[in-house]
Amino acid sequence: MQKLYTFPQKYLLISVPITLLLGFIIGSLVDTSYLKSTILIGTIVMIYATMVGFKFKELTNFKGSKVLGYSLLINFAVVPLVAFSLGKLFLNNHPIMFAGLALSALLPTSGMTISWTSIQKGNVPSAIKLTVFGLILGSVLTPWYLLLMVGKYVDVDILETFKTIFLVVFLPMLLGHLTFKVLMKKYTQEQFQKKIKPNFGPLSIWGMLYVVFVSISMKANMIIDNLELISLALVVLIAFYLINYLISTFTAKQFLNREDGIALVNGTVLRNLSIAVGLAATSFGAEAALIVTIAFIVQQQSIAYYAKLANKYWFKSKPSPIKPNPSLT
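Sequence order as written defines residue numbering, which begins from 1 separately in each chain. Confidence filtering applies because this is a predicted model: local features only for residues at pLDDT of at least 70, side-chain atom pairs given and counted only at 80 or more, and all residues used for totals across whole chains, interfaces and linings. Think of the side-chain values as coming from all heavy atoms in the structure, minus any hydrogens and water.

Some thoughts on the overall build of the protein chain
Inclusion rule: A helix here means a DSSP run of H or I that spans at least four residues, while a strand means a run of E at least two residues long, and both kinds are numbered starting from the N terminus. The globule rule is 2.2 Å times the number of residues to the power 0.38, and the radius of gyration it is compared with is taken over C-alpha atoms. Classification of residues uses two cut-offs on accessible area relative to the type maximum, computed with a 1.4 Å probe and protein chains only: under 20% is buried, over 50% is exposed, and between them is partly exposed.
Helix and strand content of the protein chain: 15 helices and zero strands. Against the compact-globule benchmark of 20 Å for 329 residues, the protein chain has a radius of gyration of 20 Å, which places it among compact chains. Expressed as lengths along the three principal axes of its C-alpha atoms, the size of the protein chain is roughly 75 × 45 × 40 Å. When each of the 329 residues of the protein chain is scored for burial, the buried share is 51%.

Here it is as structure tokens:
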């Protein structure tokens, strides 16, 4: 059971595509829309596991101001410009898909931002700040950006956004803090870090894979019914994410330390596609929802590979300091 529990975390590059494939196959055979309400539970579990042992006072630390500033610049100036340019270049004859791309670009950060930052051992407090500020500003600015980009004003429920922030960020944070308090009655800080904390990592991955599975399975038939548009959507989205990875990685490497850099990349490349797909379907229609659904596949697969490459090349983990052997001194 322990091997099964830790398998997704150890073999993330295998786990994500298998989950995407299973979601697609099962969703094409069975209607999984009844699982939609459980996505929130999966997201809470995913974030909760990263929050056990998290220190609240780190949120008020002003160290995150620099990375927050860069993220706002990239999220609300650079990324919309990239999406607009690609839309004009590839989707001029598909205005509804253009609208879907715009929505994907205008709603930054999600629970995945926090989860992937934790997986890569980045600055989690900064990732939380980016998530909260990104969602709030995205909700306020998205209607006006859409009006400029695609000529249609779409109302975004700001109250609903605050509810989402509470449920996927602050509720898991509170539950994680309470769990930590209970564990501290039984274990020392050192025992917690060595024996208990590592067991929460796989739980976060399982929560993430569940969210991926349900999200893809619910849209499987939409993908099948629109196969002729998928190749176009893939070209645009691969270009969109590749450019964003390059911009955010360059900025992170030039101006930030490793931990803040990881938070910046995850806070600017990963988009809140769960909100975007709902807005796309209700405000624009099937083609808009389709490109956001394909974006979900590209996003999940690309971040799994990026995390692996980043930790190997440009965001290398710092080696643990070698402690002197008392017997040799």
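Quick word on a nonpolar patch on the surface
Quick reminder of the rule: Patch membership requires more than 30% relative accessible area and the absence of a salt bridge. Residues of like charge join within 9 Å; the nonpolar side chains Val, Leu, Ile, Met, Phe, Trp and Tyr join within 5 Å. Per-residue and other accessible areas were derived by the Shrake-Rupley procedure at a 1.4 Å probe size, with only the shown protein chains allowed to occlude residues. We count a salt bridge whenever a side-chain nitrogen from Lys or Arg sits within 4 Å of a carboxyl oxygen from Asp or Glu.
Together, Phe7, Tyr11, Ile14, Ile18, Leu21, Leu22, Ile25, Ile26, Leu29 and Val30 line one region of the surface with nonpolar side chains, adding up to about 910 Å² of accessible area. Considering every element that reaches the nonpolar patch, the biggest residue donor is helix H2 (residues 12–29), with seven residues. Relative to the helices and strands, valine 30 resides in the loop between H2 and helix H3 (38–51).

Description of the packing of helix H5 (residues 95–106) against helix H7 (residues 124–150)
Note the threshold: Each axis is a line fitted through C-alpha atoms, and for a helix only the stretch in contact is used; angles between axes span 0 to 180 degrees, taken between their N-to-C directions. Working rule for angles: under 35 degrees goes down as roughly parallel, over 145 as roughly antiparallel, 65 to 115 as roughly perpendicular, anything else as oblique. Left-handed describes a crossing whose near helix is turned anticlockwise from the far helix through less than a right angle; right-handed describes the clockwise counterpart. Note on definitions: a residue-residue contact is assigned when non-hydrogen atoms from the two residues lie within 4.5 Å. Note on residue classes: Ala, Val, Leu, Ile, Met, Phe, Trp, Tyr, Cys and Pro are nonpolar, Asp, Glu, Lys and Arg are charged, and everything else, Gly too, is polar.
The N-to-C vectors of H5 and H7 enclose an angle of 150°; their axes lie 10 Å apart at closest approach. As judged from the angle between their axes, H5 and H7 are roughly antiparallel. For the pair H5 and H7, the sense of crossing is right-handed. Listed contacts from H7 to Phe98, Ala99, Ala102, Leu103 and Leu106 of H5 are Gly138, Thr142, Tyr145, Leu146, Met149 and Val150. A breakdown of the residues in the contact of H5 with H7 according to their chemical character gives nine nonpolar, two polar and no charged.

Some words on helix H15 (residues 286–312)
Defined as follows: Working rule for helices: expected span equals 1.5 Å times residues minus one.
Over its 27 residues, H15 extends 39 Å from the first C-alpha to the last, a length consistent with the 39 Å expected when each residue adds 1.5 Å. Across the 27 residues of H15, 19 count as buried, placing the element largely inside the fold.

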